[in-house]
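# Results of the structural survey
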Amino acid sequence: MSDKKLTGAGLRGQSAGETKLCTVGKSGSGLTYCGYDIADLADNATFEEVAYLLFNGELPNEGQLAAYKEQLMQMRDLPHALKSVLQLIPADAHPMDVMRTGASFLGNLEPETDFSQQQMASNRLLAAFPAIMCYWYRFSHDGVEIECTTDEDSLGGHFLKLLNGKTPSEQHRRVMDVSLILYAEHEFNASTFTARVCASTLSDMFSCVTGAIGSLRGPLHGGANEAAMDMIQKFTSPADAKEKMAGMLARKEKIMGFGHAIYRESDPRNVIIKKWSEKLAQENGDTSLYDISVACEEFMWDSKKLFCNADFFHASAYYFMGIPTKLFTPIFVCSRLTGWAAHVMEQRDNNRIIRPSADYTGSEPRKVTPIATR
Ligand SMILES: CC(=O)SCCNC(=O)CCNC(=O)[C@H](O)C(C)(C)COP(=O)(O)OP(=O)(O)OC[C@H]1O[C@@H](n2cnc3c(N)ncnc32)[C@H](O)[C@@H]1OP(=O)(O)O
Ligand SMILES: O=C([O-])CC(=O)C(=O)O
């Protein structure tokens, strides 16, 4: 991918605005949040510290972090009306549609009526998303009406406890934390750009986030982690993976979890989540899915110089933690909400409606002929 063209369709390579929040594909590992390298954050911070950083531009001190976590914990429960709506959504619905409805319906119940409420609205969505996902999942799949609050003080731990009904291990809490950090922000990606376009019309936070969820849902963006899981589960061994992937490439099929719109040779998030996937495989005592994933990575690089993006090893990591595949992309929502909301606030701070031009390729001017003669 070193000859990747950063020009052409899809607005590739064109600047669509300014941001202080994130760099992608630039110096160092190529990814920083407010100046902090992603590897440094993944090693030395928690997701709540990163959320605070994106919202405030600085990492919190101990007191600020404790207060922020306490605030989020108090905002986790869902209104009765939202639970009733979630109960109506069938088990075979796409969980990203559940997240989209959840965000949108919460916006009906607790609307952002003034931009002075933007931080409150963002924190509310951040705190409520794990419960929106798990309340629907457990009700529709197991017939259980779960409590939407837990004593877990991290968002990752809270999610795992809501999902499984038991206290997660320290390692699983940490992997969730790292995963949420890696997914939190990525400059002008498709879903964030959707949120910014919506914000530029001076719309409300819930509308911006609802639109962004729709963009993240697609398999070329956030939906790739689920698609990668579906693929690797069909491979029986590393050799089988290589043979089947060769067939997919020959048929010109896209292989989900590989390639990137901006990075040319690697996605700095991959090495981090890959390491955690390996640790989890060892903890599980069965490394076969990890070994298959490594074979996919080798094959794609050797045959197409395509590299794993953030999504690929997330698939096996989540699988090893027992997370159902259909919840992979909704977890991405729980994290990326921070990036979306921070971008909405940044757009509002210095707004001009986003309205690019188009190159017209249609008919020359012509007259309407009477319908009887057409
Ligand atoms: C967190 C995230 O959202 S990361 C992205 C998640 N998405 C995926 O994993 C989906 C699979 N990947 C892709 O579809 C693409 O790589 C994208 C959407 C991420 C980037 O798209 P683009 O910037 O248009 O890709 P790019 O210009 O690098 O493509 C170059 C060539 O490689 C091919 N290619 C790129 N990715 C893949 C892939 N995953 N599998 C097979 N071929 C691919 C393209 O088809 C293109 O071939 P061509 O020149 O014969 O037309
Ligand atoms: O930046 C992109 O185009 C996609 C991506 O990796 C992300 O949103 O995390």
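Rules and cut-offs
- Residues numbered from 1 in each chain as written.
- Chains lettered and ligands numbered in written order.
- Predicted model: local features only at pLDDT ≥ 70, side-chain atom pairs only at ≥ 80, totals over all residues.
- Heavy atoms only, no water.
- Disulfide = S-S within 2.5 Å.
- Buried < 20%, exposed > 50% of the residue type's maximum accessible area, 1.4 Å probe, protein only.
- UniProt positions renumbered as here; feature names shortened; annotations may be inferred.
- Helix = DSSP H or I, 4+ residues; strand = E, 2+ residues; numbered from the N terminus.
- Polar contact = N/O pair within 3.5 Å; in protein donor to acceptor, adjacent residues only side chain to side chain.
- Contact = heavy atoms within 4.5 Å.
- Near = heavy atom within 4 Å.
- Areas by Shrake-Rupley, 256 points an atom, 1.4 Å probe, with all protein chains shown as cover.
- Nonpolar A, V, L, I, M, F, W, Y, C, P; charged D, E, K, R; others polar.
- Phe/Tyr/Trp six-rings, centres within 6.5 Å; stacked < 30°, edge-to-face > 60°.
- Lys NZ or Arg CZ within 6 Å of the ring centre and 35° of its normal.

## Some remarks on the state of the cysteines
For the structure shown, the criterion picks out zero disulfides. The closest cysteine sulfur to the non-disulfide-bonded Cys308 is located on Cys296, 7.9 Å from its own sulfur. The structure places no disulfide on Cys334, whose sulfur is separated from the nearest cysteine sulfur, that of Cys134, by 7.8 Å. For Cys334, a relative accessible area of 3% puts it in the buried group.

## Re the UniProt feature "active site" (unreviewed entry) in the protein
Residues annotated by UniProt as "active site" (unreviewed entry) correspond here to His260 and Asp311. Taken along the chain, the residues just named run across 52 residues; in space they keep tight, none of their C-alpha pairs more than 10.5 Å apart. Along the chain, the position of His260 falls in the loop between helix H12 (238–250) and helix H13 (268–284). A distance of 2.9 Å separates a polar side-chain atom of His260 from the backbone nitrogen of Ile262. Tracing the chain through its elements places Asp311 in the loop between helix H14 (288–304) and helix H15 (312–320). Setting aside anything within four residues of it in sequence, one finds Asp311 in contact with Tyr183, His221, Gly222, Ala224, Asn225, Gly257 and Phe332.

## A look at the site of ligand 1
In the vicinity of ligand 1, 20 residues are found, and the nearest of them are Leu220, Ile255, Gly257, Phe258 and Asn309. Here an oxygen atom of ligand 1 sits 3.1 Å away from a polar atom, N or O, in the side chain of Arg12. In the environment of ligand 1, an oxygen atom lies 2.8 Å from a nitrogen or oxygen atom belonging to the side chain of His221. With the chains in place, 70% of the 930 Å² that ligand 1 exposes on its own is no longer accessible.

## Some remarks on the site of ligand 2
In the region of ligand 2, the neighbouring residues are His186, Asn189, His221, His260, Arg269 and Arg336. Interatomic distance of 2.7 Å between a side-chain N/O atom of His260 and an oxygen atom of ligand 2. Compared with its free state, where it exposes 260 Å², ligand 2 has 83% of that area covered by protein. Of the residues in the shell around ligand 2, the class split is no nonpolar, four polar and two charged.

## Remarks on the packing of aromatic side chains
This model, assessed by the stated rule, comprises ten aromatic pairs. Look at Tyr135 and Phe139: their rings are 6.4 Å apart centre to centre, the planes differ by 5 degrees, and that puts the pair in the stacked class. Taken together, the residues span about one helical turn, with Tyr135 and Phe139 both in helix H6 (residues 118–142) at a distance of four residues. Centre to centre, the rings of Tyr290 and Phe313 are 5.8 Å apart; their planes meet at 50 degrees, and the pair counts as tilted. Of this pair, Tyr290 sits in helix H14 while Phe313 is found in helix H15, placing the two residues 23 residues apart along the sequence. Judged on exposure class, the residue Tyr290 and its partner Phe313 are both buried. Three or more aromatic residues link up through ring pairs in this structure, and these residues are Phe258, Tyr290, Phe312 and Phe313. Sitting over the face of the ring of Trp276, Lys279 holds its NZ or CZ atom 4.3 Å from the ring centroid. Note that Arg348 overlies the ring of Phe115, its terminal NZ or CZ placed 3.6 Å from the centroid.

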